[in-house]
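Now for the letters of each chain:
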Amino acid sequence: AIPLVVAVSAAIGARNGLLIRNRTAFERARNIDAIVFDKTGTLTKGEFGVSDIIPFDKGIKNEDILRYAASIESNSEHPIAKGIIEAAEQTYQVEKFSAIPGKGAQGTVNGKDVKVVSPGYLEEEGISYPKEELKEINGQGKTVVFVLLGGKAVGAIALEDVVRPESKEAVGKLREMGIKCIMLTGDQKQVAERVAEQIGLDEYFAGVLPGEKASRIKEVQDRGSVVAMVGDGINDAPALAQADIGVAIGAGTDVAVETADIVLVKSNPLDVLAILSLSRATYGKMV
Ligand code: ADP
Ligand code: MG
C-alpha cells in the first residue's frame, strides 16, 4: 500500500504543477538553502533571435555569414542553432557535421571547413578577430557566436534571448526566504552578468563547460548547503543528478526530465516555491 502522506503529497504536487518522481528528494526539499538555476531555457525562454551580424572583412556579405552558419546549425538542436536557422533564407548542403559540446558546431560546406563557435573557443585556439567591433554588442549583454571559414573568423552573429517574467519574481521570493540563488551557464560572462542583474541573483558561474556543471554543484554543496538544481538541457543532467534535489523544466529535454527528482510541469520557475512550501507542509521544516 502507498502510505497516505505519499499519496497526498503526490496529489497536492500535481495540483501545484509538480510531478514528484522521487519522494525522498521531495522530503529533503524542506531544507534547501541554495538553488542553482541553469540560464538558457530555465531562467530564460531559450528562444534566441538574431539581432546583429558583424562582418570582419569587406569581402564577405552579412547574408553569406548567416547562410554558412545556418547550414551548420541545421544539424544542431541547440537553442542558438534554432535562432540562426530562423534568420537565414537559404542553406548549403553540409557534410561531416559534428557538435563541439558547450562550444559550438562544425562541418564541411562546398569543401570548406565551417565552424560556428563561442568566444571561449576562439580564445582557446588562439584565433584572432577585431575585438573593437564587438565592444558595443558585448556591452548590451547579447550572446555572440563566431563564424569560421577554413579556421579564420569571418564574422560574428549576435543573438538575444528573453528572461522568463516569472524568473525575477521567483528569485525575489526565494531570496526573501533566505535561499541563495545562483545561475550556471555555458554562455559568456557579459551575458551572465546582464541576466544576473535583471533577475537579481546572488551569484553566477559563466563559461561553464557541459562536463563541469556537476562539479559546480558539488562546490556549492561543499560550502555546507542543501542544493537544488533547476535545469532543462541534456547538459544539465549530471548536475541534476549531483544536486540534493534535481528539478527539471517540463518543456526541457527528455534526459533532463528523466534525471530529475521533481518536474515543473508548467515550466514555470515560480513553481519552485511550491516545492519548498509543500515539502515543509508535508514533512515539517527541520531545524
Ligand atoms: P547553456 O549553459 O547556456 O545552455 P551551452 O553549454 O549549451 O550553454 O553552450 C555554451 C556556449 O557554447 C553557447 O553560449 C555558445 O556560445 C556555444 N554553443 C554551443 N552550441 C552551439 C551551437 N550549436 N552553435 C553555436 N554556438 C554554440
Ligand atoms: Mg539550458
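Predicted model, so just to flag it, every value in this text is computed and none were measured.

Cut-off values and rules
- Residues numbered from 1 in each chain as written.
- Chains lettered and ligands numbered in written order.
- Predicted model: local features only at pLDDT ≥ 70, side-chain atom pairs only at ≥ 80, totals over all residues.
- Helix = DSSP H or I, 4+ residues; strand = E, 2+ residues; numbered from the N terminus.
- Buried ≥ 20, exposed ≤ 12 C-beta atoms within 10 Å, placed from the backbone.
- Contact = placed C-beta atoms within 7 Å.
- Axes fitted to C-alpha atoms, helices over the stretch in contact; angles between N-to-C directions.
- Parallel < 35°, antiparallel > 145°, perpendicular 65-115°, else oblique.
- Left-handed = near helix turned anticlockwise from the far one by under 90°.
- Near = placed C-beta within 6 Å.
- Nonpolar A, V, L, I, M, F, W, Y, C, P; charged D, E, K, R; others polar.
- Domains from an automatic or database assignment.
- Pairing = 2+ DSSP bridges.
- Core = buried A, V, L, I, M, F, W, Y, C linked by C-beta atoms within 7 Å.

Draft legend 1. Molecular detail of the overall build of the protein. Counting its secondary structure elements, the protein contains 13 helices and 13 strands. Taking the principal axes of the C-alpha coordinates as reference, the protein spans close to 70 × 35 × 30 Å. Considering the protein as a whole, with its 287 residues, one finds that 42% of them fall into the buried category. The contacts in the protein between residues at least 6 apart in sequence include a share of 60% that link residues at least 24 apart.

Draft legend 2. Region of interest: the packing of helix α4 (residues 62-73) against helix α5 (residues 79-87). In the contact formed by α4 and α5, the axes pass within 8 Å of each other and the chain directions differ by 130 degrees. With respect to their mutual orientation, α4 and α5 come out oblique. Read as a crossing pair, α4 and α5 show a hand that is left-handed. Packed against α4, whose contacting residues are L66, A69, A70 and E73, the element α5 presents A81, I84, I85 and A87 at the interface.

Draft legend 3. Structural context of the site of ligand 1. The full set close to ligand 1 counts 21 residues, and T40, S76, H78, S118 and G186 are the nearest of them. Listing elements by their share of the shell around ligand 1, those giving two or more residues are α3 (39-43), α5, β5 (104-109) and β7 (143-149). Of the residues assigned to the shell around ligand 1, the class counts are six nonpolar, 11 polar and four charged. Residue contributions to the shell around ligand 1 reach at least three from each of two domains, namely domain 1 (21-45 + 162-283) and domain 2 (49-160).

Draft legend 4. Up close: the sheet that holds strand β1 (residues 18-20). An order of β1-β13-β12-β11-β2-β9-β10 is seen for the seven strands of this open sheet, with the pairing classed as mixed. The outermost strands of the open sheet, each flanked by one partner alone, are β1 and β10 (203-205). Sheet twist, expressed as the mean angle between neighbouring strand axes with direction ignored, is 20 degrees. As paired strands, strand β12 (residues 245-249) and strand β13 (residues 262-264) are joined by three bridges and run parallel to one another. The residue of β13 that forms the bridge with A248 is V263.

Draft legend 5. Layout of the environment of H78. Along the chain, H78 turns up in the loop between α4 and α5. You can call H78 buried: it has 23 C-beta atoms within 10 Å. Note: C-alpha distance between H78 and P55 (23 residues apart in sequence) is 23 Å.

Draft legend 6. Highlighting the nonpolar core. Core analysis: the largest hydrophobic core is formed by 52 residues, its most contacted members being I35, V36, M183, A228, M229, V247 and I262. No other element matches the five residues that helix α9 (residues 189-199) contributes to this core. Those residues in contact with M183 that lie beyond four places of it in its chain are F37, K39, L43, A192, V195, A196, L201 and Y204.

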